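Listed below, chain by chain, are the residues.
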Amino acid sequence: MCKSASIVFKSIQKTNKNIPEGSHQYELLKHAEATLGSGNLRMAVMLPEGEDLNEWVAVNTVDFFNQINMLYGTITDFCTEDSCPVMSAGPKYEYHWADGTNIKKPIKCSAPKYIDYLMTWVQDQLDDETLFPSKIGVPFPKNFMSVAKTILKRLFRVYAHIYHQHFDSVMQLQEEAHLNTSFKHFIFFVQEFNLIDRKELAPLQELIEKLTTKDR
(Lines give C-alpha, C1' and ligand atoms only; values in the text may rest on other atoms or scores of the structure.)
Protein backbone atom coordinates (compact mmCIF):
# COMPACT_ATOMS: atom_id res chain seq x y z
CA MET A 1 0.00 0.00 0.00
CA CYS A 2 1.41 3.39 -0.89
CA LYS A 3 1.25 6.62 1.06
CA SER A 4 -0.25 9.97 0.14
CA ALA A 5 -1.29 13.30 1.67
CA SER A 6 0.03 13.91 5.17
CA ILE A 7 -1.45 15.17 8.40
CA VAL A 8 1.05 17.07 10.55
CA PHE A 9 1.07 16.15 14.24
CA LYS A 10 3.05 17.93 16.93
CA SER A 11 6.21 15.86 16.63
CA ILE A 12 5.84 13.48 13.70
CA GLN A 13 4.33 13.59 10.25
CA LYS A 14 1.59 11.03 9.75
CA THR A 15 0.55 9.88 6.30
CA ASN A 16 -2.80 8.58 5.18
CA LYS A 17 -2.85 5.10 3.71
CA ASN A 18 -3.92 4.63 0.10
CA ILE A 19 -5.28 1.32 -1.14
CA PRO A 20 -3.84 0.72 -4.64
CA GLU A 21 -6.30 1.70 -7.37
CA GLY A 22 -7.41 -1.25 -9.46
CA SER A 23 -6.84 -3.78 -6.67
CA HIS A 24 -9.61 -5.92 -5.23
CA GLN A 25 -9.28 -4.07 -1.94
CA TYR A 26 -9.81 -0.81 -3.81
CA GLU A 27 -13.03 -2.21 -5.29
CA LEU A 28 -14.13 -3.24 -1.79
CA LEU A 29 -13.45 0.28 -0.52
CA LYS A 30 -15.49 1.76 -3.38
CA HIS A 31 -18.32 -0.65 -2.51
CA ALA A 32 -18.17 0.50 1.11
CA GLU A 33 -18.23 4.17 0.10
CA ALA A 34 -21.18 3.62 -2.25
CA THR A 35 -23.15 1.79 0.46
CA LEU A 36 -22.34 4.51 2.97
CA GLY A 37 -23.83 7.00 0.56
CA SER A 38 -27.19 5.29 0.98
CA GLY A 39 -27.25 6.53 4.59
CA ASN A 40 -27.86 3.03 5.98
CA LEU A 41 -24.78 2.46 8.15
CA ARG A 42 -25.97 -0.91 9.43
CA MET A 43 -26.10 -2.20 5.87
CA ALA A 44 -22.86 -0.45 4.90
CA VAL A 45 -20.78 -2.41 7.41
CA MET A 46 -22.09 -5.87 6.48
CA LEU A 47 -19.71 -8.27 4.75
CA PRO A 48 -20.48 -8.13 1.02
CA GLU A 49 -21.68 -11.47 -0.34
CA GLY A 50 -18.85 -13.75 -1.39
CA GLU A 51 -16.11 -11.58 0.11
CA ASP A 52 -13.36 -12.57 2.54
CA LEU A 53 -13.88 -11.34 6.11
CA ASN A 54 -10.19 -10.64 6.71
CA GLU A 55 -9.99 -8.50 3.58
CA TRP A 56 -13.15 -6.60 4.52
CA VAL A 57 -11.80 -5.91 8.02
CA ALA A 58 -8.44 -4.85 6.56
CA VAL A 59 -9.97 -2.37 4.10
CA ASN A 60 -12.16 -0.82 6.78
CA THR A 61 -9.36 -0.68 9.36
CA VAL A 62 -7.25 1.35 6.90
CA ASP A 63 -10.25 3.61 6.25
CA PHE A 64 -10.87 4.21 9.97
CA PHE A 65 -7.18 4.96 10.52
CA ASN A 66 -7.37 7.61 7.78
CA GLN A 67 -10.58 9.09 9.21
CA ILE A 68 -9.22 9.32 12.76
CA ASN A 69 -5.93 10.68 11.43
CA MET A 70 -7.81 13.56 9.82
CA LEU A 71 -10.20 14.15 12.72
CA TYR A 72 -7.42 14.33 15.28
CA GLY A 73 -5.39 16.49 12.91
CA THR A 74 -8.07 19.19 13.13
CA ILE A 75 -7.74 19.54 16.93
CA THR A 76 -3.99 19.13 17.53
CA ASP A 77 -3.70 22.83 18.43
CA PHE A 78 -6.02 22.16 21.39
CA CYS A 79 -4.48 18.83 22.46
CA THR A 80 -1.15 19.80 24.02
CA GLU A 81 1.22 18.69 26.77
CA ASP A 82 -0.29 21.42 28.97
CA SER A 83 -3.98 20.88 28.21
CA CYS A 84 -3.79 17.08 28.23
CA PRO A 85 -0.92 15.93 30.48
CA VAL A 86 -2.40 12.42 30.58
CA MET A 87 -4.21 10.36 27.94
CA SER A 88 -7.72 10.18 29.31
CA ALA A 89 -11.36 9.77 28.36
CA GLY A 90 -13.08 11.61 31.18
CA PRO A 91 -12.15 11.35 34.87
CA LYS A 92 -12.62 7.55 35.13
CA TYR A 93 -10.47 6.36 32.23
CA GLU A 94 -6.74 6.86 31.76
CA TYR A 95 -4.57 5.09 29.20
CA HIS A 96 -0.87 4.22 29.50
CA TRP A 97 1.12 3.30 26.40
CA ALA A 98 2.90 0.03 25.64
CA ASP A 99 3.41 -1.66 22.29
CA GLY A 100 5.01 -4.88 23.52
CA THR A 101 8.13 -4.29 21.45
CA ASN A 102 9.77 -0.90 21.87
CA ILE A 103 7.89 -0.07 25.07
CA LYS A 104 7.06 -3.24 26.97
CA LYS A 105 6.04 -1.76 30.32
CA PRO A 106 3.08 0.67 30.11
CA ILE A 107 4.17 4.29 30.51
CA LYS A 108 2.12 7.29 31.58
CA CYS A 109 2.36 10.09 29.03
CA SER A 110 0.49 13.10 27.69
CA ALA A 111 -2.40 12.64 25.27
CA PRO A 112 -0.50 14.05 22.24
CA LYS A 113 2.47 11.79 23.00
CA TYR A 114 0.21 8.75 23.50
CA ILE A 115 -1.63 9.42 20.23
CA ASP A 116 1.70 9.97 18.49
CA TYR A 117 2.88 6.55 19.74
CA LEU A 118 -0.47 4.98 18.85
CA MET A 119 -0.76 6.31 15.30
CA THR A 120 2.89 5.50 14.56
CA TRP A 121 2.34 1.94 15.81
CA VAL A 122 -0.84 1.53 13.74
CA GLN A 123 0.88 2.88 10.64
CA ASP A 124 3.71 0.36 11.15
CA GLN A 125 1.15 -2.47 11.28
CA LEU A 126 -0.61 -1.24 8.13
CA ASP A 127 2.73 -0.93 6.31
CA ASP A 128 3.66 -4.54 7.16
CA GLU A 129 2.84 -6.61 4.07
CA THR A 130 2.93 -9.81 6.15
CA LEU A 131 0.05 -8.45 8.29
CA PHE A 132 -1.85 -6.35 5.72
CA PRO A 133 -1.07 -7.89 2.32
CA SER A 134 -2.09 -5.65 -0.57
CA LYS A 135 -1.21 -8.08 -3.39
CA ILE A 136 -3.82 -10.45 -4.83
CA GLY A 137 -3.34 -14.03 -3.71
CA VAL A 138 -1.19 -13.24 -0.67
CA PRO A 139 -2.94 -14.78 2.37
CA PHE A 140 -3.62 -12.98 5.62
CA PRO A 141 -1.68 -14.35 8.60
CA LYS A 142 -3.41 -16.50 11.20
CA ASN A 143 -3.08 -13.74 13.80
CA PHE A 144 -4.56 -11.06 11.53
CA MET A 145 -7.88 -10.73 13.33
CA SER A 146 -6.14 -10.43 16.69
CA VAL A 147 -3.93 -7.62 15.36
CA ALA A 148 -6.93 -5.86 13.77
CA LYS A 149 -8.85 -6.02 17.05
CA THR A 150 -5.92 -4.42 18.90
CA ILE A 151 -5.66 -1.67 16.28
CA LEU A 152 -9.39 -0.89 16.46
CA LYS A 153 -9.40 -0.99 20.28
CA ARG A 154 -6.61 1.59 20.33
CA LEU A 155 -8.18 3.77 17.62
CA PHE A 156 -11.35 3.87 19.73
CA ARG A 157 -9.34 5.59 22.46
CA VAL A 158 -8.64 8.52 20.15
CA TYR A 159 -12.38 8.95 19.54
CA ALA A 160 -12.96 8.70 23.30
CA HIS A 161 -10.32 11.33 24.06
CA ILE A 162 -11.70 13.72 21.43
CA TYR A 163 -15.27 13.37 22.71
CA HIS A 164 -14.40 13.74 26.39
CA GLN A 165 -11.68 16.37 26.25
CA HIS A 166 -12.11 18.30 23.00
CA PHE A 167 -15.75 18.24 21.93
CA ASP A 168 -16.08 21.99 22.55
CA SER A 169 -13.24 22.56 20.06
CA VAL A 170 -14.87 20.17 17.59
CA MET A 171 -18.08 22.22 17.84
CA GLN A 172 -16.18 25.50 17.36
CA LEU A 173 -14.73 24.03 14.17
CA GLN A 174 -18.22 22.83 13.16
CA GLU A 175 -16.86 19.30 12.79
CA GLU A 176 -19.34 17.56 15.13
CA ALA A 177 -21.46 16.07 12.32
CA HIS A 178 -18.33 14.66 10.67
CA LEU A 179 -17.08 13.26 13.98
CA ASN A 180 -20.45 11.73 14.88
CA THR A 181 -20.89 10.08 11.48
CA SER A 182 -17.36 8.69 11.54
CA PHE A 183 -17.75 7.34 15.07
CA LYS A 184 -21.18 5.87 14.36
CA HIS A 185 -19.77 4.07 11.30
CA PHE A 186 -16.86 2.81 13.42
CA ILE A 187 -19.15 1.52 16.18
CA PHE A 188 -21.53 -0.22 13.78
CA PHE A 189 -18.54 -1.92 12.16
CA VAL A 190 -16.96 -3.20 15.37
CA GLN A 191 -20.37 -4.31 16.67
CA GLU A 192 -21.15 -6.19 13.45
CA PHE A 193 -18.04 -8.36 13.81
CA ASN A 194 -17.54 -8.24 17.63
CA LEU A 195 -14.14 -6.59 17.26
CA ILE A 196 -13.97 -4.64 20.54
CA ASP A 197 -14.98 -5.92 23.99
CA ARG A 198 -17.91 -4.06 25.51
CA LYS A 199 -15.85 -3.04 28.57
CA GLU A 200 -13.39 -1.22 26.29
CA LEU A 201 -16.28 0.87 24.93
CA ALA A 202 -17.42 1.95 28.40
CA PRO A 203 -16.02 5.54 28.20
CA LEU A 204 -18.52 6.32 25.42
CA GLN A 205 -21.29 3.85 26.25
CA GLU A 206 -24.00 6.50 26.68
CA LEU A 207 -23.09 8.13 23.37
CA ILE A 208 -22.99 4.73 21.64
CA GLU A 209 -26.49 3.93 22.89
CA LYS A 210 -27.74 7.33 21.75
CA LEU A 211 -26.19 7.03 18.28
CA THR A 212 -27.26 3.45 17.67
CA THR A 213 -30.69 3.11 19.35
CA LYS A 214 -32.74 4.50 16.48
CA ASP A 215 -30.99 2.19 13.99
CA ARG A 216 -31.84 -1.07 15.75
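An unreviewed UniProt entry lists the protein under the name MOB kinase activator 1B, from Denticeps clupeoides.

Caption draft 1: Structural view of the overall build of the protein. A count of helices and strands for the protein gives seven helices and four strands. From first element to last, N terminus to C terminus, the protein shows the α and β order β-β-α-α-α-β-β-α-α-α-α. In the protein, which comprises 216 residues, the share counted as buried stands at 50%. Residue pairs in contact within the protein that sit at least 24 positions apart in sequence constitute 68% of those at least 6 positions apart. Accessible area of the protein: about 10,900 Å², with a carbon and sulfur share of 50%.

Caption draft 2: Representation of the nonpolar core within the structure. Judged by nonpolar contacts, the single largest core of 58 residues is most densely connected at L155, F156, Y159, F183 and F186. At the level of elements, helix 3 (53-74), helix 4 (111-127), helix 5 (144-172), helix 6 (176-192) and helix 7 (205-213) are the ones that each hand at least two residues to this core. When residues of this core are assigned to their parent elements, the largest contribution, 13 residues, is made by helix 5. If we ignore the near neighbours within four places in the chain, the residues touching L155 are F64, F65, I68, L118, M119, V122 and F186.

Caption draft 3: Layout of the UniProt feature "binding site: Zn(2+)" (unreviewed entry) in the protein. Mapped onto the present numbering, the UniProt feature "binding site: Zn(2+)" (unreviewed entry) falls at C79, C84, H161 and H166. Annotated residues spanning 88 residues; largest pairwise C-alpha distance 9.9 Å, indicating a single compact cluster. With respect to the element layout, H161 can be found in helix 5. If we skip the residues at most four places from it in the chain, H161 touches C79, C84, M87, S88, A89, A111, I115 and H166. Tracing the backbone through its elements, the reader meets H166 in helix 5. Not counting residues up to four positions away in its chain, the partners in contact with H166 are I75, F78, C79, C84 and H161. There is a polar contact of 3.1 Å between the side chain of H166 and the side chain of H161.

Caption draft 4: Broad picture of helix 3. In this model, helix 3 (22 residues) spans 32 Å end to end at C-alpha, consistent with the 32 Å of a helix rising 1.5 Å per residue. In terms of residue burial, helix 3 counts as a mostly covered element, since 17 of its 22 residues are buried. Of the residues flanking the start of helix 3, the one acting as N-cap is D52, its side-chain oxygen 3.3 Å from the backbone nitrogen of N54.

Caption draft 5: Spatial organisation of the confidence of the model for the protein. Averaged over every residue, the pLDDT of the protein is 86; the share at 70 or more is 81%. Predicted confidence in the protein is weakest over strand 1 (residues 2-8), with a mean pLDDT of 31, and strongest over strand 3 (residues 87-88), with 98. Scored below 50 in pLDDT, residues 1-13 makes 44 contacts in the model with residues more than four places away or belonging to other chains.

Caption draft 6: View of the environment of P85. On the secondary structure map, P85 appears in the loop between helix 3 and strand 3. For the pair formed by P85 and P112, sequence separation is 27 residues and the distance between their alpha carbons is 8.5 Å. With residues up to four places along the chain from it excluded, the contact list for P85 reads T80, C109, S110 and A111.

Caption draft 7: The arrangement of the side chain of Q67 in detail. Within the secondary structure, Q67 is located in helix 3. Judged by relative accessible area, which is 14%, Q67 ranks as buried. Excluding residues within four positions of it along the chain, Q67 makes contact with Y159, S182 and H185.

Caption draft 8: Structural view of the side chain of S182. Looking at the element boundaries, S182 is found in helix 6. On the basis of relative accessibility, which here comes to 3%, the residue S182 falls in the buried class.

The rules behind these values
- Residues numbered from 1 in each chain as written.
- Predicted model: local features only at pLDDT ≥ 70, side-chain atom pairs only at ≥ 80, totals over all residues.
- Heavy atoms only, no water.
- Helix = DSSP H or I, 4+ residues; strand = E, 2+ residues; numbered from the N terminus.
- Buried < 20%, exposed > 50% of the residue type's maximum accessible area, 1.4 Å probe, protein only.
- Contact = heavy atoms within 4.5 Å.
- Areas by Shrake-Rupley, 256 points an atom, 1.4 Å probe, with all protein chains shown as cover.
- Core = buried A, V, L, I, M, F, W, Y, C linked by side-chain atoms within 4.5 Å.
- UniProt positions renumbered as here; feature names shortened; annotations may be inferred.
- Polar contact = N/O pair within 3.5 Å; in protein donor to acceptor, adjacent residues only side chain to side chain.
- Expected span 1.5 Å × (residues − 1).
- pLDDT = per-residue confidence, 0-100.

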